[in-house]
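Here is how the chains run, residue by residue.
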Amino acid sequence: MSTIITVATMKGGSGKSTLASCLAVHWQLGGRRPTLIDADPQRSVARLAARERALGGVPVIEDATETASEVARRIVVGGGPVIIDTPGFRSETTTKCLAASDFVLVPVKASPFDVDRMLDTLSMLVNTGNDWHAIYRCVLTQTTRDSVVAKHIRSELAAAGFRLLESEMTNRVIYPEAALWGATPSLIESTGPAARDIAAIAAEVDNILAIKQAA
Ligand SMILES: Nc1ncnc2c1ncn2[C@@H]1O[C@H](COP(=O)(O)OP(=O)(O)O)[C@@H](O)[C@H]1O
Ligand SMILES: [Mg+2]
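The model shown is predicted, which means the values in this text are computed figures rather than measured ones.

Chemist: Explain the overall build of the protein chain to me, please; I cannot follow it from the model alone.
Modeler: Of regular secondary structure, the protein chain possesses nine helices and seven strands. Taking 2.2 N^0.38 as the reference for a compact globule, 215 residues should give roughly 17 Å; the C-alpha atoms of the protein chain span a radius of gyration of 16 Å, in line with that estimate. For the protein chain, the C-alpha atoms occupy an extent of roughly 40 × 40 × 35 Å along the three principal directions. The buried share among the 215 residues of the protein chain stands at 52%. Long-range contacts, defined here as pairs at least 24 residues apart, represent 78% of the contacts in the protein chain between residues at least 6 apart. As presented, the protein chain carries roughly 9800 Å² of accessible surface, and 51% of it is formed by carbon and sulfur atoms. Counting 22 positive and 23 negative side-chain charges, the protein chain places the centres of these two groups 2 Å from one another.

Right under this line is the structure:
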């Protein structure tokens, strides 16, 4: 299945680059030949790829210009999934990547301080205009499983009409630790809990896309 998946929020530190790189590595290990596009001028994904484990060999294309979405459309043809990491601010690059996407993942940090701004961000993302044909899902990040905060944010999002993946990216120190080596949990502890979180998120995305394609 060749698909363009964009990871976007207007908030820094919500886990975009981590989620984008973890999903790409997961699919790479499964033989799906993904490509990462780093459309953030801060170059988090490109920097990871420059470290020792080089994201397990996932190809990374750096393009923070408005042509990033065209690059994505070109390389997705006949290939594996293309995962685009975007900057944490409103930009024409992000808008165009959203328009080119089949699926948009919106990581939401499970912090009560972030909720209000995040609801605004979501409205903006989901209402990008006529071009929008993607499916989107929010995904809770840096959660403590079954915590009151995560449950509360889940229900606030649902009440505001936003759709959310069941799976969460639980807060685990293995994410920043793995990043020290340019790796992700799937590469350094493939059967550990963080790798299982990522596998569960990837499976949910695959399922939703499969249902879309069948429709
Ligand atoms: N699930 C997680 N558990 C622990 N730390 C995380 C998790 N997700 C992200 N982080 C850490 O949080 C910081 C910000 O994540 P990052 O992916 O760079 O966010 P963004 O790209 O949205 O700015 C990084 O230091 C990253 O290692
Ligand atoms: Mg980032």
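Chemist: Looking at this model, I keep getting lost on the sheet that holds strand E7 (residues 169–170). Mind explaining?
Modeler: Hydrogen bonds between backbone atoms are what pair the strands of a sheet, whose relative direction is either parallel or antiparallel. Pairing within the open sheet is parallel, and its seven strands lie in the order E3-E2-E4-E1-E5-E6-E7. Each edge of the sheet is formed by a strand with only one pairing partner; in this case those strands are strand E3 (60–62) and E7. Across the sheet, helix H3 (residues 68–76) lies against strand E1 (4–7), strand E2 (35–38), E3 and strand E4 (82–85), angled at about 170° from E2, the strand it touches most.

Chemist: What is the right way to read the site of ligand 1 from this model?
Modeler: Around ligand 1 lies a shell of 14 residues, among which Gly 13, Lys 16, Ser 17, Thr 18 and Arg 172 are the nearest. Here a nitrogen atom of ligand 1 and a backbone polar atom of Thr 170 are 2.9 Å apart. A distance of 3.2 Å separates a nitrogen atom of ligand 1 from a polar atom in the side chain of Asn 171. Alone, ligand 1 offers 560 Å² of accessible surface; in the complex the protein occludes 76% of this.

Chemist: So what exactly am I meant to see when it comes to the packing of helix H1 (residues 16–29) against helix H9 (residues 193–214) here?
Modeler: The geometry of a pair of packed helices is captured by two quantities: the angle between their axes and the separation between those axes. Running from amino to carboxyl end, H1 crosses H9 at an angle of 80°, the nearest separation of the two axes being 10 Å. Put simply, H1 runs roughly perpendicular to H9. Between H1, through Leu 19, Cys 22, Leu 23, His 26 and Trp 27, and H9, the contact on the second element is made entirely by Ile 198, Ala 199, Ile 201, Ala 202, Val 205 and Asp 206. Of the residues contributing to the contact of H1 with H9, the split by class is nine nonpolar, one polar and one charged.

Chemist: What is the right way to look at the packing of H3 against helix H4 (residues 92–100) in this model?
Modeler: Running from amino to carboxyl end, H3 crosses H4 at an angle of 25°, the nearest separation of the two axes being 8 Å. In terms of axis orientation, H3 runs roughly parallel to H4. Here Ala 68, Ser 69 and Arg 73 of H3 lie close against H4, whose contacting residues are Thr 93, Lys 96, Cys 97, Ala 99 and Ala 100. When its residues are assigned to classes, the contact of H3 with H4 shows four nonpolar, two polar and two charged.

Chemist: Explain the pairing of E2 here, please?
Modeler: The alternating pattern of E2 places Thr 35 and Ile 37 and Leu 36 and Asp 38 on opposite faces, both of which are buried. Of the pairings in the sheet, the one linking E2 to E4 comprises four bridges and is parallel in character. Bridge pairing links Thr 35 to Val 82 in E4. As defined by bridge partners, E2 adjoins E3 across three bridges and the pair is classed as parallel.

Conventions adopted
Residues numbered from 1 in each chain as written. Chains lettered and ligands numbered in written order. Predicted model: local features only at pLDDT ≥ 70, side-chain atom pairs only at ≥ 80, totals over all residues. Heavy atoms only, no water. Helix = DSSP H or I, 4+ residues; strand = E, 2+ residues; numbered from the N terminus. Rg over C-alpha atoms; globule rule 2.2 N^0.38 Å. Buried < 20%, exposed > 50% of the residue type's maximum accessible area, 1.4 Å probe, protein only. Contact = heavy atoms within 4.5 Å. Areas by Shrake-Rupley, 256 points an atom, 1.4 Å probe, with all protein chains shown as cover. Lys, Arg positive; Asp, Glu negative; His and termini not counted. Charge placed at Lys NZ, Arg CZ, Asp CG, Glu CD. Pairing = 2+ DSSP bridges. Axes fitted to C-alpha atoms, helices over the stretch in contact; angles between N-to-C directions. Near = heavy atom within 4 Å. Polar contact = N/O pair within 3.5 Å; in protein donor to acceptor, adjacent residues only side chain to side chain. Parallel < 35°, antiparallel > 145°, perpendicular 65-115°, else oblique. Nonpolar A, V, L, I, M, F, W, Y, C, P; charged D, E, K, R; others polar.

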